Protein chains: 2
Amino acid sequence: MNEMQPEHLKSVGLKSTLPRLKILDIFKNGQERHMSAEDVYQLLRDGGENVGLATVYRVLTQFEQAGLLVRHNFEGGKSVFELNEGTHHDHIVCLQCGHVEEFYDNAIESRQKKIAAELHFTIHDHSLQIYGDCTKTKCPHRH
Amino acid sequence: MNEMQPEHLKSVGLKSTLPRLKILDIFKNGQERHMSAEDVYQLLRDGGENVGLATVYRVLTQFEQAGLLVRHNFEGGKSVFELNEGTHHDHIVCLQCGHVEEFYDNAIESRQKKIAAELHFTIHDHSLQIYGDCTKTKCPHRH
DNA sequence: TTGCGAACGATAATCATTCTCATTTGCGTG
DNA sequence: CACGCAAATGAGAATGATTATCGTTCGCAA
């Protein structure tokens, strides 16, 4: 399983090219769930692929628009992407090691809807990150 | 009232220089509550001040570290700052006109604490923005 | 006032990201 | 299966935000 699926790309209106297939594969079968353009570029390089950084940026943006990936703007100035598996969630990020955990809280979601309504806003989307130290978990920076 | 207060700068360990006083004044007495470095720079220029953009960035960062200002990273790639008045709040941003409203929700705050605890994180801070259209309010882009 | 280190202004440098453009490639046709 | 062309790519230039460098100036204590 976990083969690359050209049909998947076609179904969202993108022709299946080698860079696109490789990048999608990295997100589907790679170790890291959250990756920046530079991260993906390095993985491609490490895998011996000759893919330009510009292409990585282009493809990530296309995948985002196609709904295959979700883009996040965590602190640190660079965008990170993750596979869009349909389930919305927010993130808690370790400032020490960069480790990211996901969570979903119904109460928070509904409060947001309520607040937007009260302020007469039509919600487009929202962005919630908690930053801290994962002092007691599998934080990679402690071994 | 609303005079510039050199003592305020001294009290946070910064010597009172003209650029710092002017910038603090802009935040205390200006129209806009949320401003980017470029915004502040333009206001200084419009006011006939000869202040370098580099200085604006330096001062904003110093003010942030001193706790006078709070930095936010909204969508759009540039940092915006606002006066730190001690009261934490989150933001809802209009994607049409950039208008920002602030809100505070106790339920959301406490849920976040709970979630961080469950995931064994020590919260440093958090960042919550709702993005949408302020279709029914004083959105500047509709007159 | 004098002196020195901190702060400044101009500008070069850096970082992430996007754009340009000549070359290559995916893919439907004949 | 070769052909042709538009779409996609790669290399590198360009951009926008922010930071670093450096010679000059300024705040402030002696």
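Summarised in this report is the structure supplied together with it. Bear in mind that the values here come from a model prediction, so they are computed numbers and not experimental data.

### Let's talk about the relation of the copies chain B and chain A
Consideration 1: The transform that puts chain B on chain A rotates by 179° and translates by 0.0 Å along the axis, for an RMSD of 0.1 Å. With respect to symmetry, the two chain copies, as superposed, fit the operation of a two-fold axis. The position closest to the rotation axis in chain B is occupied by the C-alpha of Leu128(B), lying 2.1 Å away.
Consideration 2: Mapped onto chain A, 100% of the interface residues of chain B are again interface residues, and the two copies thus contact each other with one and the same surface.

### Quick word on the packing of helix H2 (residues 18-29) of chain A against helix H4 (residues 53-66) of chain A
Residue and element names in this part refer to chain A.
Consideration 1: For the pair H2 and H4, the least separation of the axes is 10 Å and the interaxial angle reads 70°. As the angle between them shows, H2 and H4 are arranged roughly perpendicular. For the crossing formed where H2 meets H4, the hand is right-handed. Each of Pro19, Arg20 and Ile23 in H2 lies in contact with H4, whose residues at this interface are Thr55, Val56 and Val59.

### Some details on the sheet that holds strand E1 (residues 35-36) of chain A
Residues and elements named next belong to chain A.
Consideration 1: Strand order across the open sheet formed by three strands is E1-E3-E2, with antiparallel pairing between neighbours. The open sheet has two edge strands with one neighbour each: E1 and strand E2 (69-72).
Consideration 2: Note: E2 against strand E3 (residues 80-83), four bridges, orientation antiparallel. Bridge pairing links Arg71 to Phe81 in E3.

### Let's talk about the protein's contact with DNA strand C
Consideration 1: Around DNA strand C sit 26 residues, and of these Ala54(A), Thr17(B), Gly52(B), Ala54(B) and Thr55(B) come closest.
Consideration 2: When residues of the surface near DNA strand C are traced back to their parent elements, those giving at least two are H4 of chain A together with helix H2 (18-29) and helix H4 (53-66) of chain B.
Consideration 3: For the surface near DNA strand C, the element with the highest residue contribution is H4(B), accounting for five residues.
Consideration 4: Each residue belonging to the surface near DNA strand C can be placed in one class, and the counts come to 11 nonpolar, 10 polar and five charged.

### Examining the protein's contact with DNA strand D
Consideration 1: Neighbouring DNA strand D are 25 residues, the closest being Thr17(A), Gly52(A), Ala54(A), Thr55(A) and Ala54(B).
Consideration 2: Its residues placed into classes, the surface near DNA strand D shows 10 nonpolar, 10 polar and five charged.

### Some remarks on the environment of Glu101(A)
Residue and element names in this part refer to chain A.
Consideration 1: Looking at the element boundaries, Glu101 is found in strand E5 (residues 100-103).
Consideration 2: We classify Glu101 as partly exposed; it has 19 C-beta atoms within 10 Å.
Consideration 3: Separated by 12 residues in the primary sequence, Glu101 and His89 place their C-alpha atoms 9.8 Å from one another.

Conventions and cut-offs
- Residues numbered from 1 in each chain as written.
- Chains lettered and ligands numbered in written order.
- Predicted model: local features only at pLDDT ≥ 70, side-chain atom pairs only at ≥ 80, totals over all residues.
- Least-squares fit on C-alpha atoms with pLDDT ≥ 70 in both.
- Contact = placed C-beta atoms within 7 Å.
- Axes fitted to C-alpha atoms, helices over the stretch in contact; angles between N-to-C directions.
- Helix = DSSP H or I, 4+ residues; strand = E, 2+ residues; numbered from the N terminus.
- Parallel < 35°, antiparallel > 145°, perpendicular 65-115°, else oblique.
- Left-handed = near helix turned anticlockwise from the far one by under 90°.
- Pairing = 2+ DSSP bridges.
- Near = placed C-beta within 6 Å.
- Nonpolar A, V, L, I, M, F, W, Y, C, P; charged D, E, K, R; others polar.
- Buried ≥ 20, exposed ≤ 12 C-beta atoms within 10 Å, placed from the backbone.

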